Amino acid sequence: QKRNPYESEFHQAVKEVFDSLIPVLARNPIYIEQNILERMVEPERVISFKVPWVDDHGAVKVNRGFRVQFNSAIGPYKGGIRFHPSVNASIVKFLGFEQIFKNSLTGQPIGGGKGGSDFDPKGKSDGEIMRFTQSFMSELSKYIGPDVDVPAGDIGVGAREIGFMFGQYKKIRGGYVAGVLTGKGLQYGGSLGRTEATGYGTVYFVEEMLKDKGLSFKGRTVVVSGSGNVSIYAIEKAQQLGAKVVACSDSSGYIYDKQGINLETVKHLKEVEKKRIRDYVNKHPHAQYFEGCQGIWSIPCEIALPCATQNEIDEISANMLVSNGVVAIGEGANMPSTLDAMRVFLDRKILFGPAKAVNAGGVAVSALEMAQNSMRLSWTFEEVDAKLQEIMKNIYRNSMNAALEYEAVDNLVVGANIAGFKKVADAMIAQGVV
Ligand code: NDP
């Protein structure tokens, strides 16, 4: 904390991982002898840069860009780019740190990284988004490449932004380089199934947790926060598995539709019209809209999938979910539960799937996109989806086994941290002190 003051989100992410590792260090003194924790908590490189751009009125604006290249022990740095006004060094470092273990869990050869900017895409024209994104990539392009660092999307960065970034990289490098970004459009090197991967993967993971206890999504009432990429495809897969999703949200408020959310309306509002979730009730007047995000957790449900942003479930919301009868939580977003909220779920023996395991499907399919780009092949949607399901099952199984091995039975927080950590730590030791 002395070395990284004011980085509360980064401290929170590190504490959650390192607390789980105490028994691993006790059983494997080599990790202490090699000072692995201190080496792991220090990013290999932190890049911070100026992003100047011109708005539609000719005014010159400046934002700050970041790329944290955290750990390359098992593969090139890999992790998304986030455009949101809250982005700062702490947020990018917490996300990059989490990414190390998540990427390791996927079983794919990818290291950990993350980037972003405090640019707010809301209300900006396509022209403004393009000019900002091109300026961002002009600097970022110096540090990335298919075997070095491969960014993707995250909050505020979807197909449009990836397209503009890819175009600018191509222009700077003087030619097409497929493997430099993932989440690309299908016309120019993207993978089928990448758009759906994080949301579908979230539900596949939770389905595994439920199956182990003789339960399933069928007939269950589900609440999903957010209405972006992860949320939309988590809702879609949950509905396909027979669940009734009754609520979703955006950063202004949430909708409650007791009859079950009409996903076509949400998709049209968010993916096509780029409108607010409150507009849902214009089409479905029987549904209710509430201002503010926190209230969504007061809606009774059996499965809760927080898929919006960090720290969206605090201790009060966690207690509310538990007293309303929740049986399973799957973290689609990164670090959506505070440490206190997580403690509530674990103490009350709620099935709890932590973000780095649950939402790893997105980056796993990004690694499959890299593989297809290298082979100059495209797999079908069914092939990609089958691989995704297999990967999510393996992550679940490996996390459960690690938890069992270290006497933390059924604790997937501990299990995912340990399973993700060991491979990276062993690779670091094998590569010497570098
Ligand atoms: P999107 O930008 O597509 O959607 C984000 C959604 O969350 C929007 O509905 C947004 O509302 C809402 N939201 C954002 N900030 C807040 C806030 N402070 N309070 C309440 N709601 C908020 O992002 P993604 O769906 O891609 O990402 C969502 C989460 O999933 C993030 O934590 C991300 O890191 C994580 N993730 C994403 C992956 C991916 O493949 N996309 C992979 C792994 C993790 P509004 O539109 O009003 O801003």
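Residues numbered from 1 in each chain as written. Predicted model: local features only at pLDDT ≥ 70, side-chain atom pairs only at ≥ 80, totals over all residues.

1. Some details on the overall build of the chain
Reasoning step 1: Tallying secondary structure elements over the chain gives 16 helices and twelve strands in all.
Reasoning step 2: In terms of C-alpha radius of gyration, the chain reaches 21 Å, essentially the compact-globule figure of 22 Å for 434 residues.
Reasoning step 3: Principal-axis analysis of the C-alpha atoms places the extent of the chain at approximately 60 × 55 × 45 Å.
Reasoning step 4: Burial statistics for the chain: of 434 residues in total, 51% are counted as buried.
Reasoning step 5: Pairs at least 24 residues apart make up 73% of the contacts formed inside the chain by residues separated by at least 6 positions. (Helix = DSSP H or I, 4+ residues; strand = E, 2+ residues; numbered from the N terminus. Rg over C-alpha atoms; globule rule 2.2 N^0.38 Å. Buried ≥ 20, exposed ≤ 12 C-beta atoms within 10 Å, placed from the backbone. Contact = placed C-beta atoms within 7 Å.)

2. Quick word on the packing of helix α7 (residues 194-212) against helix α15 (residues 381-405)
Reasoning step 1: Closest axis-to-axis distance for the α7/α15 pair is 9 Å, and the angle between their directions is 45 degrees. By the angle between their directions, the pair α7 and α15 is classed as oblique. The element α7 and its partner α15 pack so that their crossing is right-handed. Between α7, through A197, Y200, G201, Y204, F205, E208 and M209, and α15, the contact on the second element is made entirely by L388, Q389, M392, K393, I395 and Y396.
Reasoning step 2: For the contact of α7 with α15, the residue count by class is nine nonpolar, two polar and two charged. (Axes fitted to C-alpha atoms, helices over the stretch in contact; angles between N-to-C directions. Parallel < 35°, antiparallel > 145°, perpendicular 65-115°, else oblique. Left-handed = near helix turned anticlockwise from the far one by under 90°. Nonpolar A, V, L, I, M, F, W, Y, C, P; charged D, E, K, R; others polar.)

3. Considering the nonpolar core
Reasoning step 1: Formed by 126 residues in total, the largest nonpolar core has its most connected members in F205, V222, V224, A234, C248, I303 and L388.
Reasoning step 2: Take this core: its biggest share by element is ten residues, from helix α16 (residues 412-430).
Reasoning step 3: Counting contributing residues, this core receives three or more from each of domain 1 (8-182) and domain 2 (196-353). (Core = buried A, V, L, I, M, F, W, Y, C linked by C-beta atoms within 7 Å. Domains from an automatic or database assignment.)

4. Quick notes on the sheet that holds strand β8 (residues 253-256)
Reasoning step 1: Taken in spatial order, the seven strands line up as β9-β8-β7-β6-β10-β11-β12 in an open sheet, and their pairing is mixed. With partners counted over all chains shown, the strands left at the sheet margins are β9 (288-291) and β12 (351-353), one partner each. Taken over all neighbouring pairs, the strand axes of this sheet differ in orientation by 15 degrees on average, direction set aside.
Reasoning step 2: Relative to the sheet, helix α8 (residues 229-240) contacts β6 (221-224), β7 (244-249) and β10 (303-305), its axis offset from that of β7 by approximately 170 degrees. (Pairing = 2+ DSSP bridges.)

5. Considerations on the packing of helix α1 (residues 8-27) against helix α4 (residues 89-105)
Reasoning step 1: Closest axis-to-axis distance for the α1/α4 pair is 6 Å, and the angle between their directions is 20 degrees. On the basis of their axis angle, the class for α1 and α4 is roughly parallel. Counting all contacts with α1, which are made through S8, E9, F10, Q12, A13, V14 and V17, the residues of α4 involved are S90, I91, K93, F94, F97, E98 and F101.
Reasoning step 2: Residue classes in the contact of α1 with α4 are distributed as eight nonpolar, three polar and three charged.

6. Notes on the site of the ligand
Reasoning step 1: Around the ligand sit 24 residues, and of these G226, G228, S251, A333 and G362 come closest.
Reasoning step 2: At three residues, the largest contribution of residues to the shell around the ligand is made by α8.
Reasoning step 3: Its residues assigned to classes, the shell around the ligand shows six nonpolar, 15 polar and three charged.
Reasoning step 4: When residues of the shell around the ligand are assigned to domains, at least three map to each of domain 1 (8-182) and domain 2 (196-353). (Near = placed C-beta within 6 Å.)

7. Some remarks on the confidence of the model for the chain
Reasoning step 1: Overall, the predicted model of the chain reaches an average pLDDT of 97, with 100% of residues at or above 70.
Reasoning step 2: Scoring of the predicted complex yields 0.97 for pTM and 0.98 for ipTM. (pLDDT = per-residue confidence, 0-100.)

8. Focus on the domain arrangement of the chain
Reasoning step 1: Examined at the domain level, the chain breaks down into domain 1 (8-182) and domain 2 (196-353).
Reasoning step 2: In this complex, domain 1 contributes ten residues to the contact, which on the side of domain 2 involves seven residues.
Reasoning step 3: Looking at the side of domain 1 that touches domain 2, the elements that each hand over two or more residues are α1 and α4.
Reasoning step 4: Take the side of domain 1 that touches domain 2: its biggest share by element is five residues, from α1.

9. Considerations on the sheet that holds strand β5 (residues 149-152)
As a general point, the strands of a sheet are linked pairwise by backbone hydrogen bonds and lie either parallel or antiparallel.
Reasoning step 1: An order of β1-β2-β4-β3-β5 is seen for the five strands of this open sheet, with the pairing classed as mixed. Whereas interior strands pair on both sides, the edge strands pair on one side only; in this sheet they are β1 (45-54) and β5. Direction aside, neighbouring strands of the sheet carry axes that sit 20 degrees apart on average.
Reasoning step 2: In this structure, β1 lies alongside strand β2 (residues 60-71), joined through ten bridges in antiparallel fashion. Bridging from a neighbouring strand, W53 pairs with K61 of β2.
Reasoning step 3: Along the sheet, helix α5 (residues 126-140) contacts β1, β2 and β4 (111-117); its crossing angle with β1, the most-contacted strand, is approximately 145 degrees.

10. Things to note about unusual backbone geometry
Reasoning step 1: Here the phi dihedral of M335 falls at roughly 50 degrees; this positive angle occurs in a residue that is not glycine.
Reasoning step 2: Position of M335 relative to the elements: it lies in the loop between β11 (328-330) and α12 (339-347).
Reasoning step 3: According to the C-beta neighbour criterion, M335 is buried, with 24 such atoms within 10 Å.
Reasoning step 4: Even without being glycine, D410 reaches a positive phi, approximately 70 degrees.
Reasoning step 5: Structurally, D410 can be placed in the loop between α15 and α16.

11. What to know about the environment of S323
Reasoning step 1: With respect to the element layout, S323 can be found in helix α11 (residues 315-323).
Reasoning step 2: Overall, the presence of 11 C-beta atoms within 10 Å leaves S323 in the exposed class.
Reasoning step 3: In sequence terms S323 and S298 are 25 residues apart; their C-alpha atoms lie 9.6 Å from each other.

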